[in-house]
Amino acid sequence: MCRHLGYIGPPVRVGDMLTLGSHSLRTQSWAPRDMRRGGTINADGFGVAWWHTVQDVVTVSRYRNAAPIWTDPAVEEVLPQLESSAMLGAVRSATVGMPVERSACAPFTRDRWAFSHNGVVPDWRRTLTAVAAEFALIAAELGAEELFTAARLLEAESATDTATLWVLLCDLLATSSPDGEWSAAPAALRLLVSAILDRAPEARLNFLLSDGAQLWATTCHHSLSALVTDDFAILSSEPFDDDPRWQSIPDRSLVTARPGALSVDALL
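One structure accompanies this document, and this report is about it. Bear in mind that the values here come from a model prediction, so they are computed numbers and not experimental data.

A word on the environment of Leu-128. Along the polypeptide, Leu-128 turns up in helix 4 (residues 124-141). A residue is classified by how much of its surface remains accessible, and Leu-128, at 0% relative accessible area, is buried. Measuring from C-alpha to C-alpha, the distance between Leu-128 and Ala-184 comes to 21 Å, with 56 residues separating the pair along the chain. In this view, Leu-128 contacts Val-121, Leu-153, Asp-161, Thr-164, Leu-165, Leu-168 and Ile-196; residues no more than four positions away in its chain are not counted.

Okay, here's the thing in structure tokens:
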């Protein structure tokens with residue numbers, strides 16, 4: 001499917017995080033080790049998001065390209081000039097039938113959030129429309145009729161499962177007050193995964209979400225590893241080096257990570 005990587009810690013050069021290690025995210029684009037029958041290479045584009053503060057407001061920026069990451073000189077010539085204490089990167093292996101275009105590449109961003117999906121939702125149009133209809137009924141009962149409407153799904157950047165998942169997840173995150181974001185994120189991820197699996201049990205749903213201060217992830221079929229110290233936190237589809245501190249995350253887990261803290265709970 002795809003490979004993704006999230007980092008929180010001391011400021012680093014954004015481009016360096018894409019090429020860091022003997023098995024970097026860039027290397028994983030052409031030589032992944034653990035795709036679990038989800039493709040062979042990740043050559044259908046890539047993207048990276050990073051966070052910065054402008055007048056005390058945290059915002060997220062991104063760079064995306066539909067070409068293979070190893071063909072883009074910006075990875076070594078431009079992105080290393082940017083520094084951030086948080087980044088989220090992804091390389092893409094497009095599901096058959098989905099477009100190969102820049103707008104289909106993760107990360108997807110809104111406000112201070114960035115999101116990536118490693119996996120696939122079978123019959124995604126039917127499945128995600130049904131999920132949205134279920135959520136719309138609940139939202140209406142809470143007086144939030146504007147959320148989860150069919151028109152909202154049309155706001156997806158691309159005609160893909162991941163872009164549509166992002167619309168649904170944004171609406172779930174919007175139901176929480178700003179000071180409740182840290183508790184809302186894992187609840188939103190768990191609710192979205194559960195609703196999809198109820199309708200598409202074979203769905204592969206490895207999500208990666210960040211607000212620039214913390215990382216959240218789910219494992220549902222695909223691999224994920226964590227490297228967390230007192231200084232930094234990294235979540236990655238595959239370890240990018242031989243550091244013995246990497247921890248393999250079990251399937252069907254909900255992960256929360258920040259420097260000095262790693263929580264792995266049952267997803268469902």
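So much for the structure itself; the text now carries on.
This paragraph deals with the sheet that holds strand 3 (residues 57-65). A sheet is described by the order of its strands in space; here seven strands give the open sequence 3-2-4-1-10-9-11, paired in antiparallel fashion. The open sheet has two edge strands, strand 3 and strand 11 (247-248), and neither has a second partner. Two strands pair when backbone bridges link them, and strand 1 (residues 2-13) and strand 10 (residues 233-236) are joined in this way by four bridges, in the antiparallel orientation. Its bridge partner lying in strand 10, Tyr-7 is registered against Ile-234.

What follows is about the pattern of salt bridges. The full count for this structure, using the stated rule, is 10 salt bridges. Among the ionic pairs, Glu-157 bridges to Arg-62, the shortest N-O distance being 3.1 Å. Of this pair, Glu-157 sits in the loop between helix 5 (150-153) and helix 6 (161-174) while Arg-62 sits in strand 3, and the two are 95 residues apart along the sequence. According to the relative accessible area criterion, Arg-62 is partly exposed, its value standing at 27%. In this structure, the salt-bridge partner of Glu-134 is Arg-199, at a minimum N-O distance of 2.5 Å. With Glu-134 in helix 4 and Arg-199 in helix 7 (residues 181-199), this residue pair connects regions lying 65 residues apart in the sequence. Of the residues examined, Glu-134 reaches a relative accessible area of 29% and is grouped as partly exposed.

The next point concerns the nonpolar core. In this structure, Leu-169, Leu-192, Ile-196, Leu-205 and Leu-209 are the most contacted members of the largest nonpolar core, which totals 44 residues. Mapped onto this core, the elements with two or more residues apiece are strand 6 (113-120), helix 4, helix 6, helix 7 and strand 7 (204-210). A per-element tally of this core places helix 6 first, with nine residues. Discounting residues that sit within four places of it in the chain, Leu-205 has contacts with His-117, Asn-118, Val-121, Val-193, Ile-196, Leu-197, Thr-218, Thr-219 and Cys-220.

With that settled, consider the state of the cysteines. Applying the stated rule across the entire model yields zero disulfides. No disulfide involves Cys-2; its nearest neighbouring cysteine sulfur is the one of Cys-105, lying 8.8 Å away. Free of any disulfide, Cys-170 has its nearest cysteine sulfur in Cys-105, 17 Å distant. Residue Cys-170 is classed as buried on the basis of its relative accessible area, which comes to 7%.

On to the side chain of Ser-84, then. Its place among the elements puts Ser-84 in strand 4 (residues 83-92). A polar atom in the side chain of Ser-84 sits 2.7 Å from the backbone oxygen of Trp-51. For Ser-84, the residues in contact, after removing those within four places along its chain, are Pro-10, Pro-11, Val-12, Val-14, Trp-50 and Trp-51.

Criteria and thresholds
Residues numbered from 1 in each chain as written. Predicted model: local features only at pLDDT ≥ 70, side-chain atom pairs only at ≥ 80, totals over all residues. Heavy atoms only, no water. Helix = DSSP H or I, 4+ residues; strand = E, 2+ residues; numbered from the N terminus. Buried < 20%, exposed > 50% of the residue type's maximum accessible area, 1.4 Å probe, protein only. Contact = heavy atoms within 4.5 Å. Pairing = 2+ DSSP bridges. Salt bridge = Lys/Arg side-chain N within 4 Å of Asp/Glu carboxyl O. Core = buried A, V, L, I, M, F, W, Y, C linked by side-chain atoms within 4.5 Å. Disulfide = S-S within 2.5 Å. Polar contact = N/O pair within 3.5 Å; in protein donor to acceptor, adjacent residues only side chain to side chain.

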